[in-house]
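What follows is each chain in one-letter form.
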Amino acid sequence: MLLVLDLVGTFAFALNGALTAVRVAHVDIVGVITLGAITALGGGILRDILLDALPPATFVDWRYLAVAASGGVIVFLFSRPLTRVTSSIDVLDAAGLSLFAVTGASKALELGLGPVQAIILGTVTAVGGGTVRDVLIREVPSVLSSGLYAIPALIGAALAVGATSAGVDQVLGAPAALGAAGACFVIRLLGLHLGLDAPKPPGDVWTGSPPGNNG
Amino acid sequence: MLLVLDLVGTFAFALNGALTAVRVAHVDIVGVITLGAITALGGGILRDILLDALPPATFVDWRYLAVAASGGVIVFLFSRPLTRVTSSIDVLDAAGLSLFAVTGASKALELGLGPVQAIILGTVTAVGGGTVRDVLIREVPSVLSSGLYAIPALIGAALAVGATSAGVDQVLGAPAALGAAGACFVIRLLGLHLGLDAPKPPGDVWTGSPPGNNG
Amino acid sequence: MLLVLDLVGTFAFALNGALTAVRVAHVDIVGVITLGAITALGGGILRDILLDALPPATFVDWRYLAVAASGGVIVFLFSRPLTRVTSSIDVLDAAGLSLFAVTGASKALELGLGPVQAIILGTVTAVGGGTVRDVLIREVPSVLSSGLYAIPALIGAALAVGATSAGVDQVLGAPAALGAAGACFVIRLLGLHLGLDAPKPPGDVWTGSPPGNNG
C-alpha cells in the first residue's frame, strides 16, 4: 500500500520535474529525464539517508527508477500538449508533496522514530525533491518563497502519524493514508488559488528586490 | 559538555539563518523557521552522514529540533529590533562556526577518525550549515567568497584535536574546548573587521564581474 | 587498480574545480582549494552515501585528501600559465568524468548492486562533483545544460559493467576499465568539439532567456 502511494508520488514528481525542465531550463532529453528523476527520487533519498535506510529504496528497487525515468520520457514525447495545461506543474507538485508527506512519515514510524521526528521527516521527504530541483535550476526553493508549501505537508504528515498512533492503520490503513494525503493536497491547491501566505515577520525590514526572479 | 556547546552553536546558527531569511529573502514564518533550522542543523547532519552516525543526532534528539525551531520563532517575533543590530548576523555566524568546529572535530575523534580527518570534519561541520543556507538563498557561499571563513574553523578544529591528543580533555576538557572555539571566534571577527583575506592567486586572470551580487 | 584510476580522477577533478574557482569565482586560496576538493571528492562521497559505504573512502583514506588538496595548491601556484590553456578545464573535467564513471560502477558491482543500478551509480559518481561545483558557483549544472555530459558517463559505466559481467575483469581488468573510460572521454570531447546535443523536446515551448548566464 505504502509502496503504491510512493510510486504514484514518484511519478507525479517525475512529470513535474521534467515539465519544469522543459519550461524553465530549455534542456535536451537528458536534462528533462535527469531533472524529472532528481525531483522524483530526491525526497526519498534524503529520507533514507536520514533514516539510515541505505542504500536508498530508490536504488535497490528498480520500480522507482523505472517510474521516475518513464515520467521524464513521457514529458519529453508529449511536451507540447502537456505544457499547454498551465496548471499541470502545480497540481503534479501538490500530488507528489501530499503522497510523500504521508509515505515519508509512515516509513519513519515503521523504523522506530518518534511522532515529532516522523512528522518532520515526512515533511522533508515531501519538500526535498522539489528543493533540489529548484536549486539546480537556480530558483528560490518553493519551501522558502511560496505561500503554504511546507504547512500542508506538515498537516498531511501529522494526520498520517495521528492515524497510526490511534491504531487506525491496522484496520483502515489505506483510507487513512489517502485521507491525510488528500487533506494536504486540498490545502496546497487552495493556498495556491487563493494566494494564501503564512504570516510575514512584523515590521518587515526588507528593502532589496524579491529573490524570486533572476535579473 | 559537548552537547551544551553543540546546542549553543545550533541556537546561534538558527538565529543567524532566520535573520538572514528576514533580511535577504523576504519570506514568511515558514521560510524564516525553515532557513533557521537548515542553517542550524545542516552542518551536524553533514557531519553525521560522513561519520556514519545515522540517523543524525539532530533527528533522534528532540533538543536539537527544539533549539533550532525556537531560534526561528524568536527571530520571527522580534525581527524588527534584532535586524537593527546590523552586526548580529556576523557575530552569530562566527559563534556557530566556532562551536561547531570544536564539537565536530571532537565527535570525529570520539568515533575513531584520525586527527587530520577530524580537523577536516570539524571544518565541514562548521561551514556546512551556512553553505546550504547560502545555496538556498542563491548567494555565493561564504566559504568560497569571504575572507577568513574556513581558516578560523580549521584553526579551532586543530586546537581542539591538539588538546585532545595532548590528553588535556581528561582534566581540562571544557576550558580547552572553549579556548579553541574562542580562538576561532576572535580570528573570524578580526578578519571581518580588518577586511583580511587569504592570499589571492598570483597574476589574477579574472575578468568577469564579482560573483557576490546577482545582476 | 581501481584505486589508482580513482586517484587520477580525483586529481583531474581537483585541478578542474580549482581552475574553475580561479576563472569564474575570483576567490582566494581557501576558495580555490575548497572548490577543487569539493569537485574532486563530491562524486565519491555521493557514491559512498548511496552505497552505504560510510564513512566515505575519501575521509578514511588520506590519499584522496592529499591528492584533492594538492590539485588546488598546484592551480593556486601556477594559475597564470594553467588558465592560459583554455581547453584545460574541459579536458580535465572529461578525464574525471570518465574515470569516475568506471570506478563508481565497479565499486557498486563489488558491493552487490545490480547492473542497472551500477550504471546509474557510476553516472552519479561521474557527474556528482561537477554538479555540486556548479551549484556553489551558481552556474546551471553541466548535466542539465550541456550537450553530451551524462550520456558519455552512462556509456562508460555501461561498458565497465558489461566487461565485468562478461568476466573480463578477472583477466583483463585494467585494460577493460581503461577502455571504458577512454570511450567516455572521447565521446565527451567529440561532443564538445562538434557541439553535439542530445535531442531537444519536439515543439519547444520555451520563451524565457537561457539559464546559462546570470543577468
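Residues numbered from 1 in each chain as written. Chains lettered and ligands numbered in written order. Predicted model: local features only at pLDDT ≥ 70, side-chain atom pairs only at ≥ 80, totals over all residues.

## Focus: the overall build of chain A
Move 1: In terms of helices and strands, chain A carries 10 helices and 0 strands.
Move 2: Its helices and strands taken in sequence order, chain A reads α-α-α-α-α-α-α-α-α-α from the N to the C terminus.
Move 3: Within chain A, the proportion of its 215 residues that are buried is 60%.
Move 4: Within chain A, contacts between residues at least 6 apart in sequence are counted, and of these 73% link residues at least 24 apart. (Helix = DSSP H or I, 4+ residues; strand = E, 2+ residues; numbered from the N terminus. Buried ≥ 20, exposed ≤ 12 C-beta atoms within 10 Å, placed from the backbone. Contact = placed C-beta atoms within 7 Å.)

## Describing the packing of helix α1 (residues 2-25) of chain A against helix α2 (residues 29-50) of chain A
All names here are of chain A.
Move 1: The N-to-C vectors of α1 and α2 enclose an angle of 140°; their axes lie 7 Å apart at closest approach. Taken together, α1 and α2 sit at an angle that is classed as oblique. The handedness of the crossing between α1 and α2 is right-handed. Here α1 contributes T10, F13, A14, L15, N16, G17, A18, T20, A21, V22 and A25 to the contact with α2, which in turn contributes G31, V32, I33, L35, G36, A37, I38, T39 and A40.
Move 2: A breakdown of the residues in the contact of α1 with α2 according to their chemical character gives 13 nonpolar, 7 polar and no charged. (Axes fitted to C-alpha atoms, helices over the stretch in contact; angles between N-to-C directions. Parallel < 35°, antiparallel > 145°, perpendicular 65-115°, else oblique. Left-handed = near helix turned anticlockwise from the far one by under 90°. Nonpolar A, V, L, I, M, F, W, Y, C, P; charged D, E, K, R; others polar.)

## Some details on the interface of chain B and chain A
Move 1: Facing the 28 residues of chain B at the interface are 30 residues of chain A.
Move 2: Listed by contribution, the elements that provide at least two residues to the side of chain B that touches chain A are α1 (2-25), α2 (29-50), α4 (62-77), α5 (79-84) and α7 (115-136) of chain B.
Move 3: Considering each element in turn, the side of chain B that touches chain A owes the most residues, 7 residues, to α2 of chain B.
Move 4: Of the residues belonging to the side of chain B that touches chain A, the class tally is 18 nonpolar, 6 polar and 4 charged.

## With respect to the relation of the copies chain B and chain A
Move 1: In screw terms, the move from chain B to chain A is a rotation of 120° and a rise of 0.0 Å along the axis, fitting with an RMSD of 0.0 Å. Within this description, the copies of the chain are treated as partners about a three-fold rotation axis. (Least-squares fit on C-alpha atoms with pLDDT ≥ 70 in both.)

## Section: the confidence of the model for chain A
Any region with low pLDDT has predicted coordinates that should not be read closely.
Residue and element names in this part refer to chain A.
Move 1: Overall, the prediction assigns chain A a mean pLDDT of 84, with 90% of residues at 70 or greater.
Move 2: Predicted confidence for residues 205-215 stays below pLDDT 50, and this span has 20 contacts to residues more than four positions away or in other chains.
Move 3: As scored by the predictor, the complex reaches a pTM of 0.86 and an ipTM of 0.82. (pLDDT = per-residue confidence, 0-100.)

## Looking at the environment of V135 of chain B
Move 1: Summarising the element assignment, V135 of chain B is placed in helix α7.
Move 2: If we ignore the near neighbours within four places in the chain, the residues touching V135 of chain B are V135 of chain A, P141 of chain B together with V135 and L136 of chain C.

## Examining the interface of chain B and chain C
Move 1: Contact residues are listed per partner, giving 30 residues for chain B and 29 residues for chain C.
Move 2: For the side of chain B that touches chain C, the secondary structure elements donating two or more residues are α2, α7, α8 (142-145) and α9 (150-165) of chain B.
Move 3: The greatest single-element share of the side of chain B that touches chain C, amounting to 5 residues, is contributed by α7 of chain B.
Move 4: Looking at the side of chain B that touches chain C residue by residue, the classes come out as 21 nonpolar, 5 polar and 4 charged.

## Side note on the environment of I187 of chain A
All names here are of chain A.
Move 1: Structurally, the position occupied by I187 is in helix α10 (residues 168-194).
Move 2: The spacing of I187 and A37 is 150 residues in sequence and 26 Å in space, taken between C-alpha atoms.
Move 3: Excluding residues within four positions of it along the chain, I187 makes contact with L148, P152 and I155.

## Here we look at α4 of chain B
Move 1: End to end, α4 of chain B covers 22 Å across 16 residues, agreeing with the expected 22 Å (1.5 Å per residue, within 8%).
Move 2: Where α4 of chain B is concerned, the buried positions are Y64, V67, A68, G71, G72, V75 and F76 of chain B. (Expected span 1.5 Å × (residues − 1).)

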